[in-house]
Amino acid sequence: MRKFHRSGRLIRKQRTQSINDGEFGVIGVDAAKNTAWTEKHFNSLIDAKNYVDKLPISRIDYYVHSDSNRVVYTRKGKTNG
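This is a predicted model, so every value here is computed, not measured.

(A) View of the nonpolar core. Counting ten residues, the largest nonpolar core consists of Phe 24, Val 26, Phe 42, Leu 45, Ala 48, Val 52, Leu 55, Ile 60, Tyr 62 and Val 64. Elements with a contribution of two residues or more to this core: strand E1 (24-30), helix H1 (45-54) and strand E3 (61-65). With three residues, the single largest contributor to this core is H1. Apart from residues lying up to four places away in sequence, Ile 60 is in contact with Gly 28, Val 29, Asp 30, Trp 37, Arg 75, Lys 76 and Gly 77.

Below is the structure:
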């Protein structure tokens, strides 16, 4: 009987798209009030990151996610403490 040996490597799919392709959404989360909302949608990651970086510093956390719902950029809000 033939034995099979598997290596411990993960199978990775080749990306056909660049991370800058697609649509990116900015989500705001206020943990103190337990609320979340969609701020805005962008066609490029650079535009979404620039938008988040220009927002005033507050206690709100901002997340930029791709059209595959993967978070690609985060800016945490300030917390007192």
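(B) The side chain of Ser 66, seen in detail. In this fold, Ser 66 is placed in the loop between E3 and strand E4 (71-75). Here the side chain of Ser 66 touches Ser 68 through a polar contact of 3.0 Å, side chain to side chain. Residues in contact with Ser 66, not counting those within four places in the same chain, are Glu 23, Phe 24 and Val 72.

(C) Layout of the packing of aromatic side chains. With the rule as written, the count across this model stands at one aromatic pair. Look at Phe 42 and Tyr 51: their rings are 5.3 Å apart centre to centre, the planes differ by 50°, and that puts the pair in the tilted class. For Phe 42, a relative accessible area of 13% puts it in the buried group.

Rules used in this analysis
Numbering of residues starts from 1 in every chain and runs along the sequence as written. Whole-chain, interface and lining totals are the exception, using all residues; otherwise, since this is a predicted model, local features are given only for residues with pLDDT of at least 70 and side-chain atom pairs are given and counted only at 80 or more. Only hydrogens and water are set aside when side-chain values are computed; all heavy atoms of the structure are taken into account. Residues enter a nonpolar core if they are buried and are Ala, Val, Leu, Ile, Met, Phe, Trp, Tyr or Cys, with the set joined through side-chain atoms within 4.5 Å. The buried label applies to any residue whose accessible area, calculated with a 1.4 Å probe on protein chains only, is under 20% of its type's maximum; exposed applies above 50%, and partly exposed to all values in between. Only DSSP runs of H or I reaching four residues or more are called helices, and only runs of E reaching two or more are called strands; each is numbered from the N terminus. The criterion used for residue contact is that any of the two residues' heavy atoms lie within 4.5 Å. Identification of polar contacts relies on pairs of N or O atoms within 3.5 Å, with a donor-acceptor requirement for protein atoms, meaning one able to donate a hydrogen and the other able to accept it, and with residues adjacent in sequence counted only if both atoms are side-chain atoms. Centre distance within 6.5 Å is the pairing criterion for rings of Phe, Tyr and Trp, where only the six-membered ring of Trp is used; planes under 30 degrees apart are then read as stacked, over 60 as edge-to-face, and the remainder as tilted.

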